[in-house]
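Each chain, letter by letter, is given below.
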Amino acid sequence: QRLHLLERLEAGRRRCKLSLISAPAGFGKTTLVTQWHAWQPAGEQPLSWVRLDDGDNDPVRFWRYVLAALHRALPGLSDRVGEALHALATGISSADVENRPLQGVVMALVNELQSAEGDGSSVAERPLVIALDDFHVIHAPAVHHSLAYFLEYLPEGVHVVILTRADPPLPLARLRACDQLLELRGADLRFTCGEVDLFLNRLMALNLPAAAVSTLSARTEGWVAGLQFAALSLQRLDPQQAQSFVEAFAGTHRHVLSFLAEEVVQRQPPDVQAFLAETSILEYLTPPLCEAVTGRTGSRTMLERLTIDNLFVTPLDLEGRWYRYHPLFADMLRAQLEESFPDRLPVLHGRASAWHETHGTLSCAVRHALASGDCDRAARLVEDGYQRLAMNGELATLHHWLDALPAALVEMRPRLRRAYALALAYSGRRHLLETSLQETEEALLSAEPGEADATRCETAALRAVFASLYWIGPRSLDLARRALRLLPADRSDDTLWLRVLTVQAMGNCYRLQGQLREAEQSYSESLPVAQALQSSFLVEAVTNRLGQNAFLQGRLRRAARIFEAALNKAEGRGGLLWFTGELSIHLGTIYTEWDDLEKAAHHVEQGIEISRQVKNELALLEGYLALAEVKSAQRQARSAALALDKAWQIGLDAGGLYLLALVAARRAWLDLAAEGHGMSGPDVARWAEAWAGRRAQTPDHELPLALCEFQDLVLARFWLVKGRPDKAVELLAEIEDAARPAGRMGTALPALVWSAAALERQGALAQAGDALMRALTLAMPEGYVRTFVNAGSAVQSMLAELRCSMAGADEAFPELLTYLDRVLGAFPQPAAAGDGKHNGLTCREMELLTLMAGGASNQEIAHQLVVTVGTVKVHVNHILDKLQVHNRTAAVARARELRLL
């Protein structure tokens, strides 16, 4: 018993919110907290202990286990928090789309703890400790965020202990600064030489001389696990052997552990050795599972015996139902088993698979079936569970299982072929998916009638999904309609999940074709069905598309609320579902438009990382396009180009005209933006011109309307850069006339803004002003910014003139003036002297500078450029600011000095 550490823990419990015990494996973290609890007077300090594993990265599961532990310590705790957790796990409803449900659940728990009573006393009167063991396995941001929120509002009398091998990403600095954190680390937990002597000679009764104790203390550096290995080996040695053992005790931890574990295991009775070897294949041990694997009874007694004998078995709960071997000890046991009894492995894994199948743990059942080499069993398990796995969004796991099975086996079993097609559906591997669907359809000829019907329905739904993701022309929508006709009328889960897939695919086709009202109707129809199925994957998929649709409608604020609420839900389920990355990317796109580029970059980069983890290639393509937009807005042309290159490569790998045309149009758009800001290299204009030529040769019917309209916006921008505002005005008018009545404000608005720029260039100033005012009317409620900034100096000048003309009208137009100031503030700020090819000057400002150098007055410049004198004055002031001079004469002199003229 390490009194000085127990006293530190008790003092921390009384003073702090959190005790952090952070040290490498084998330093006695769990033992210390167990001793601390036993050290308390009986019943004075309830302890809620939660032993964590990788599966607890799902925040709903994490808090459910915390709640279960609390119920044991506080039987009077209300069930309302559990009900809230259950409601959270069922998906997004229209009522909670705009709130932050996970924080709400945590706050509900805080409130329950404040009012909870156990044995007639509250937590303030009878302190409660919540211990979270093995917290290093938790990597989900949602768990970290929700736990930080819980710590912030922790009720008086409740204390949290975290046992971990690595510091968690919690606000430790703030807790430390507020004296709300007790920390015990490896240096604190190492045994002193006196403690080594106490452990070896009194507890383990080894009677070692002081020199031997000192040697072991020095060579283990007080590492508790190493001392335990040594002690277990020394127990059976005579004094002479013990001396030799101590002298030979050296080397790296891995070698020492291997040697000592071998010594320990080989000296155990045969029944213990057999149990250790046969159960080493299990990640977690529970008596019924151990008995199923070993074929022998008495596993509970054996596990208790191993625990008492310190044979590296750790209880995972207070009831003695679940245990775990020390990972290094388990590795050694498995290596011995594989070397000595390789023929036993298939039998043991097969028994473990059967037990897990019976108890509904599909992942473990499949893993053990594959390890046993029983491919038929693994195939049957995958067939039975692949739809459930897909509805949970675990497509990467499904793909991994199918890859582990022989290709010939997958080919000959219709349900496995369907599972493989489903695993590929959203993967971005168009050619593989297309081949898989064709092979599945060809196999219909030899399928049994019932199997053929199921295959036909599922394949038709996946065909619709395929068409909605890759766009295969006008027949894309027809494929979704055909899939709906094939679905049976029953309301079984097997039918309903296919209906959601199909109706969502139909919505995608409507959206790509610019029929946004019809798309919203399809999404709204499929969302409640997905919620009823309790499919987090389908709920997230439909919600993601609803947000995209709102964005195209120009409803940025609604889209942001949908994406944020869905991301909170995703965090509540672990944060790594298939569409979670897309949600973050799409939210980042909105922040880009709002010119909050720091938030935009954060969300886009986070979305890219999540999409990479789940292998969602189509989301990665969207992510790199969004990242290029952010980097372009930040004037980081090189980073934007690299992001576009990555998107282009994904498009090439995925195949199909639609994706490549999308990337090419986005590249042309950003390259023209760089050209307009004087940031581009010499090849940009030529590349954009080549793109414009190719665009004119591509029939519109081969691409969806949404992409065609965006391409037309790019083309109009190209004509403006090429000095053909007349062609730009004509094309932009066509775009707005088509987009606005159909509710495509996300297209109509930039068309209006660019029309204002083109009309100003033509000298049609009244029409330009009218277009700009109409754009401002549409844009202000939704907070558009970058759409105006992207249109360049002409729009900047018009906005500046409008702002000047409204000087003193703050009371009459407060919102408009605030909005104008925000938009004008987002335009590029004047650069320091010597920066950039043109010292930060735009192409328009270079024109004015040339005319100024020729002695032209403001009136003459206005007449020659067909703009107002006010616009000329705005440009001249920008030129003076950028060149850091105070008059026109000095500006011309400075320009010549910089070789701009």
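Just so you know, these numbers come straight off a predicted model, no measurement behind them. Per chain, residues are indexed from 1 in the order of the written sequence. Thresholds applied to this predicted model are a pLDDT of at least 70 for local features of residues and 80 or more for the giving and counting of side-chain atom pairs; totals over whole chains, interfaces and linings are not thresholded and use all residues. Heavy atoms from the whole structure form the basis of all side-chain values; hydrogens and water molecules are not counted.

1. Details of helix 31 (residues 580-593)
Here is step 1 of the chain: The end-to-end C-alpha distance of helix 31, which contains 14 residues, comes to 21 Å, matching closely the 20 Å that a straight helix rising 1.5 Å per residue would cover.
Here is step 2 of the chain: Each residue is assigned to one of three classes by its accessible area relative to the maximum for its type, calculated with a 1.4 Å probe on protein chains only: buried under 20%, partly exposed between the two thresholds, exposed over 50%. Put simply, DSSP marks the helices as runs of H or I at least four residues long and the strands as runs of E at least two long, and each gets a number from the N terminus on. The buried count for helix 31 comes to 13 of 14 residues, which makes it a mostly enclosed element.
Here is step 3 of the chain: Within two residues after helix 31, aspartate 595 carries a phi angle of roughly 65 degrees, on the positive side. Expected span of a helix, by definition, is 1.5 Å for each gap between consecutive residues, and there is one gap fewer than residues.

2. Overview of the pairing of strand 7 (residues 181-185)
Here is step 1 of the chain: When you tally the buried positions in strand 7, you get 4 out of 5 residues, the bulk of the element.
Here is step 2 of the chain: Across 5 bridges, strand 1 (residues 18-22) lies against strand 7 in parallel orientation. From the neighbouring strand, isoleucine 21 faces strand 7, where its bridge partner is leucine 184. Any two strands with at least two DSSP bridges between them are considered paired.

3. Structural notes on the nonpolar core
Here is step 1 of the chain: We call a set of buried residues a nonpolar core when its members are Ala, Val, Leu, Ile, Met, Phe, Trp, Tyr or Cys and they connect through side-chain atoms within 4.5 Å of each other. In terms of nonpolar packing, the biggest core is built from 163 residues, with Leu402, Tyr426, Leu538, Phe788, Val795 and Leu799 touching the most fellow members.
Here is step 2 of the chain: Of the residues forming this core, the biggest block, 10 residues, is contributed by helix 27 (residues 493-512).
Here is step 3 of the chain: The contact criterion used throughout is that any non-hydrogen atoms of two residues lie within 4.5 Å. Non-local contacts of leucine 538, meaning those with residues more than four positions away in its chain, are made with Met391, Trp497, Val500, Leu501, Ala530 and Leu533.
Here is step 4 of the chain: Counting residues in each nonpolar core, the second largest holds 43 residues, with Leu20, Leu74, Val110 and Leu181 among its members.

4. Focus on the confidence of the model for the protein
Here is step 1 of the chain: For every residue, the predictor reports its confidence as pLDDT, a number between 0 and 100. Averaged over every residue, the pLDDT of the protein is 82; residues scoring 70 or more account for 86%.
Here is step 2 of the chain: The least confident element of the protein is strand 3 (residues 117-118), whose mean pLDDT is 54; the most confident is helix 15 (residues 287-294), at 95.
Here is step 3 of the chain: Between residues 92-99, whose pLDDT stays under 50, and residues either more than four places distant or in other chains, the model counts 18 contacts.

5. Brief notes about the packing of helix 40 (residues 765-779) against helix 42 (residues 793-805)
Here is step 1 of the chain: Between N-to-C directions, angles span 0 to 180 degrees; the directions come from axes that are lines fitted to C-alpha atoms, helices contributing only their stretch in contact. Close contact between helix 40 and helix 42 brings their axes to 11 Å; oriented N to C, the two are set at 80 degrees. In terms of orientation, helix 40 lies roughly perpendicular with respect to helix 42. Contact residues: Ala768, Leu772, Met773 and Leu776 in helix 40; Val795, Met798, Leu799 and Leu802 in helix 42.
Here is step 2 of the chain: Under the scheme applied here, ten amino acids are nonpolar (Ala, Val, Leu, Ile, Met, Phe, Trp, Tyr, Cys and Pro), four are charged (Asp, Glu, Lys and Arg), and all others, including Gly, are polar. Considering only residue class, the contact of helix 40 with helix 42 consists of 8 nonpolar, no polar and no charged. Each angle is binned into one of four classes, with values under 35 degrees roughly parallel, values over 145 roughly antiparallel, values of 65 to 115 roughly perpendicular, and all other values oblique.

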